[in-house]
Amino acid sequence: MQIHFTLNHKKTAAEIAPDTLLIDLVRSLGCKSVKRGCETANCGLCTVFLDEKPVLSCSVLAVRADGKKILTMEGMQREAEEFGSFLAQE
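Since we're looking at a predicted model, the values are computed, not measured. (Residues numbered from 1 in each chain as written. Predicted model: local features only at pLDDT ≥ 70, side-chain atom pairs only at ≥ 80, totals over all residues. Heavy atoms only, no water.)

What's the story with unusual backbone geometry in this structure? I'm lost.
Among all residues except glycine, the phi angle is most often negative; among peptide bonds, the trans geometry is most common. One non-glycine residue, Asn8, adopts positive backbone phi at about 50°. On the basis of relative accessibility, which here comes to 12%, the residue Asn8 falls in the buried class. The phi dihedral of Glu52 is positive, around 70°, even though this residue is not glycine. By secondary structure assignment, the location of Glu52 is in the loop between β3 (47-50) and β4 (53-56). (Buried < 20%, exposed > 50% of the residue type's maximum accessible area, 1.4 Å probe, protein only. Helix = DSSP H or I, 4+ residues; strand = E, 2+ residues; numbered from the N terminus.)

Got a minute to help me understand the pairing of β3 in this structure?
Side-chain positions along a regular strand alternate between the two faces of the sheet. Of the two faces of β3, only one is covered, namely that formed by Val48 and Leu50; the face formed by Thr47 and Phe49 stays uncovered. Relative to β4, β3 is paired through 4 bridges, and the arrangement is antiparallel. Counted as the bridge partner of Val48 is Val55 from β4. Counted between consecutive antiparallel strands, the loop separating β3 from β4 contains 2 residues, among which Asp51 sits at a positive phi close to 50°. (Pairing = 2+ DSSP bridges.)

Explain the pattern of salt bridges to me, please; I cannot follow it from the model alone.
As a working rule, side chains carrying opposite charge can pair if their charged atoms are close by. Scanning the model with the defined rule gives 1 salt bridge in all. In this structure, the salt-bridge partner of Asp24 is Arg36, at a minimum N-O distance of 2.1 Å. In this pair, Asp24 is assigned in helix α1 (residues 22-28) and Arg36 in the loop between α1 and β3, connecting sequence segments 12 residues apart. We classify Asp24 as partly exposed; its relative accessible area is 32%. Residue Arg36 is classed as partly exposed on the basis of its relative accessible area of 37%. (Salt bridge = Lys/Arg side-chain N within 4 Å of Asp/Glu carboxyl O.)

How do you make sense of the side chain of Thr20 when you look at a structure like this?
For Thr20, the position within the fold is in the loop between β2 (10-15) and α1. The contact partners of Thr20, leaving out residues within four places of it in the chain, are Leu25, Leu61 and Ala62. (Contact = heavy atoms within 4.5 Å.)

Printed below as a string of structure tokens:
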């Protein structure tokens, strides 16, 4: 099945199987910051933002992202740089 979504501010489409997990989708698209930890939705290493709400991507089917915005750490580099420069100020 074909789904369309925005991944880290870029419109994207993907062909997925109905049972594809969101973690597998975003990792296949190069988002290696999303880690597979416990696989029981307990540790939070797989957290991504789905329409600005944190979700555990190991427990969400990728089809749920159709028409939505997904944000991973790769998409938050600007915010990280701003935070780092704030910390570096005297």
